Amino acid sequence: MKLAKTLCAALGFALAAGTLHAQEITLRSADIHPDGYPTVEAVKYMGELVSERTKGRIKIEVMNNATLGNEKDTIEQTRFGVIDMNRVNAAPFNNLVPETTVLGLPFIFRSTEHMHKTVDGPIGEQVLAAFEPHGLIGLAFYDSGARSFYSTKKPIEKLEDLKGMKIRVQQSDLWIAMMEAFGANPTPMPMGEVYSSLETGVVDGAENNWPSYESARHFEVAKNYTLTEHSLNPEILVISKIAWDKLTPEDQTVVRQAAKDSVGKMRELWAAREKVSEEKVRAAGNTIIKVNKEEFSAAMKPVYDRFVTDPKMKALLEQVQAVQ
Ligand code: GTR
């Protein structure tokens, strides 16, 4: 009798564990961009990898088009476990995770290769690890190209032209300081408000990479694109620590690896989309302006002086600069 009871209990436990193990998980991932945008497609690709590797047990549902809200709000929701995953540019993370600031510093990267080597190595790992105390797990860096200015009326041909211009920036103290150092009046706002702000003259301009300039249709209302290429700030993919802690260690490994494996796909998609977007903007007849980048970069000293102060940031900056 006693043995039967023990057996029953053991069987019950095994069944429960089995059910638990077989439990299907759907991770909802936020993105503000539309279908076809590289970040959206890269996370979908990661979802395919996760699904394949867990035999369909874990899925990723990409909730893009800002259906879950603007980036700042979705970051908070991800921290509180309302959203499981999030793909956001490094900028809106700056105030929360100061280590991310180093990647957005103006003109810090000499080239895309320099940026790739930085985020692919120990510096990248250090920045990703810095998310954990803030309720997030950093999974991967995605490309975001070079950000350049665009303006509605006055074309920006030299640094002086930015003086007094109202320029939309991402919601980050670093980015506000950067615009001030360029001589502009920074107007922080979420991406979703930029089109109408350009159209109605709330701002005189903004800055972004070719694909966002094109895909968010900002190029239709701000027809001067000035190739300052002042930042190669990457995108960051994170998962909520609450969602993460519910995964088994094996599943955590699968999710982390799939995120890493989606980076190559993202880079391919990005390179292709940059070309297509640039062609589309040029075909629309927009004015593309080349500038003396030295002049713009020389104005950035106050940004470095303000944000690279503590020993941790100084060390990070030196490490980035030392990457060959
Ligand atoms: C895009 C980036 C978005 C967002 C946007 C912006 O390039 O992919 O995550 O940061 O820029 O300027 O708000």
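A quick note: this is a predicted structure, and the numbers were derived from the prediction, not measured. (Residues numbered from 1 in each chain as written. Predicted model: local features only at pLDDT ≥ 70, side-chain atom pairs only at ≥ 80, totals over all residues. Heavy atoms only, no water.)

K.L.:
Hey, could you run me through the site of the ligand in this one?
P.N.:
Inspection of the region around the ligand gives 14 residues, with Glu-71, Arg-168, Gln-170, Asn-208 and Glu-235 positioned closest. A distance of 2.8 Å separates an oxygen atom of the ligand from a polar atom in the side chain of Asn-208. One nitrogen or oxygen atom from the side chain of Asn-209 is found 3.1 Å from an oxygen atom belonging to the ligand. Surface burial for the ligand is 99%, taken as the share of its 310 Å² of free accessible area covered by protein chains. With respect to the detected pockets, the ligand is housed in the largest cavity. Of the residues belonging to the shell around the ligand, the class tally is 2 nonpolar, 7 polar and 5 charged. Here the shell around the ligand spans two domains, and each of domain 1 (21–143 + 234–277) and domain 2 (147–232 + 280–322) adds at least three residues to it. (Near = heavy atom within 4 Å. Polar contact = N/O pair within 3.5 Å; in protein donor to acceptor, adjacent residues only side chain to side chain. Areas by Shrake-Rupley, 256 points an atom, 1.4 Å probe, with all protein chains shown as cover. 1 Å grid on protein atoms, 1.4 Å probe; cavity = no way out; pocket = protein on both sides within 12 Å on 5 of 7 lines; lining within 4 Å. Sits in = over half its atoms within 2 Å of the grid points. Nonpolar A, V, L, I, M, F, W, Y, C, P; charged D, E, K, R; others polar. Domains from an automatic or database assignment.)

K.L.:
It is not clear to me how the packing of helix H2 (residues 38–53) against helix H12 (residues 249–283) should be interpreted in this structure. Could you clarify?
P.N.:
Where H2 meets H12, the closest approach of the two axes is 8 Å, and the angle between their N-to-C directions is 145°. Considering only the axes of H2 and H12, their crossing is right-handed. From H2, Pro-38, Thr-39, Glu-41, Ala-42, Tyr-45, Met-46, Leu-49, Val-50 and Arg-53 reach across to H12, where they touch Val-254, Val-255, Gln-257, Ala-258, Ala-259, Asp-261, Ser-262, Lys-265, Met-266, Leu-269, Trp-270 and Arg-273. Here the residues of the contact of H2 with H12 are counted per class, giving 13 nonpolar, 3 polar and 5 charged. (Axes fitted to C-alpha atoms, helices over the stretch in contact; angles between N-to-C directions. Helix = DSSP H or I, 4+ residues; strand = E, 2+ residues; numbered from the N terminus. Left-handed = near helix turned anticlockwise from the far one by under 90°. Contact = heavy atoms within 4.5 Å.)

K.L.:
Would you mind showing me how to read the domain arrangement of the chain here?
P.N.:
Interfaces are often sized by the amount of accessible area the parts lose when they come together. Each domain of the chain was delimited in the assignment, giving domain 1 (21–143 + 234–277) and domain 2 (147–232 + 280–322). Averaged C-alpha coordinates put domain 1 and domain 2 at centres separated by 24 Å. Listed by partner, the interface residues are 35 residues for domain 1 and 39 residues for domain 2. Per-residue buried area on domain 1 facing domain 2 is highest for Pro-106, Phe-107 and Ser-277; these three make up 23% of the total on that side. Linking domain 1 to domain 2 there are 2 salt bridges. The closest approach of N and O atoms between Glu-214 and Arg-273, which form a salt bridge, is 3.0 Å. The leading source of residues in the side of domain 1 that touches domain 2 is H12, at 5 residues. (Buried area = accessible area lost by both parts, 1.4 Å probe. Salt bridge = Lys/Arg side-chain N within 4 Å of Asp/Glu carboxyl O.)

K.L.:
When you look at unusual backbone geometry in this model, what are you seeing that I'm missing?
P.N.:
With glycine set apart, most residues show a phi of negative sign, and most peptide bonds adopt trans. Positive phi is not limited to glycine here, since Lys-55 has a value of about 55°. Counting through the fold element by element, Lys-55 comes out in the loop between H2 and strand S2 (58–63). Residue Lys-55 is classed as exposed on the basis of its relative accessible area, which comes to 80%. Not every positive phi belongs to a glycine, and Glu-229 is a case in point at roughly 45°. Within the secondary structure layout, Glu-229 lies in strand S9 (residues 224–231). (Buried < 20%, exposed > 50% of the residue type's maximum accessible area, 1.4 Å probe, protein only.)

K.L.:
I'm lost on the layout of surface pockets in this one. Help?
P.N.:
Empty space among the atoms becomes visible once a probe the size of a water molecule is rolled across them. Roughly 370 Å³ of volume is contained in the largest pocket. In this structure, the largest pocket is lined by 23 residues; those nearest its centre are Ser-111, Thr-112, Gly-145, Ala-146 and Leu-232. Listed by contribution, the elements that provide at least two residues to the lining of the largest pocket are helix H5 (112–120), S9, H12 and helix H13 (293–298). In terms of residues, the lining of the largest pocket owes the most to one element, H12, which gives 4 residues. Each residue belonging to the lining of the largest pocket can be placed in one class, and the counts come to 9 nonpolar, 7 polar and 7 charged. Two domains each put at least three residues into the lining of the largest pocket: domain 1 (21–143 + 234–277) and domain 2 (147–232 + 280–322). Reported here for the second largest pocket is a volume of approximately 310 Å³. Together, 19 residues line the second largest pocket, and Ile-32, Ala-66, Met-191, Gly-192 and Ala-216 are the ones closest to its centre. Across the lining of the second largest pocket, the residue classes tally to 9 nonpolar, 8 polar and 2 charged. (Points joined across faces, edges and corners; volume = space filled by probe spheres on them.)

K.L.:
Just to check I follow, could you spell out the environment of Pro-186 for this structure?
P.N.:
Take Pro-186: it is sitting in strand S7 (residues 185–188). Judged by its relative accessible area of 21%, Pro-186 is partly exposed. Once the C-alpha coordinates of Pro-186 and Ile-289 are considered, the two residues, 103 residues apart in sequence, prove to be 21 Å apart.

K.L.:
Would you explain the nonpolar core in this entry?
P.N.:
Across soluble globular proteins, nonpolar side chains show a tendency to be buried alongside one another. The biggest cluster of nonpolar side chains holds 53 residues, and the ones touching the most others in it are Val-102, Leu-105, Leu-162 and Phe-182. It is helix H7 (residues 173–181) that contributes the most residues to this core, 5 residues altogether. Of the residues that make up this core, three or more belong to each of domain 1 (21–143 + 234–277) and domain 2 (147–232 + 280–322). Each residue touching Leu-105, except ones within four places of it in the same chain, is listed here: Leu-174, His-230, Val-303, Tyr-304, Val-308 and Leu-317. (Core = buried A, V, L, I, M, F, W, Y, C linked by side-chain atoms within 4.5 Å.)

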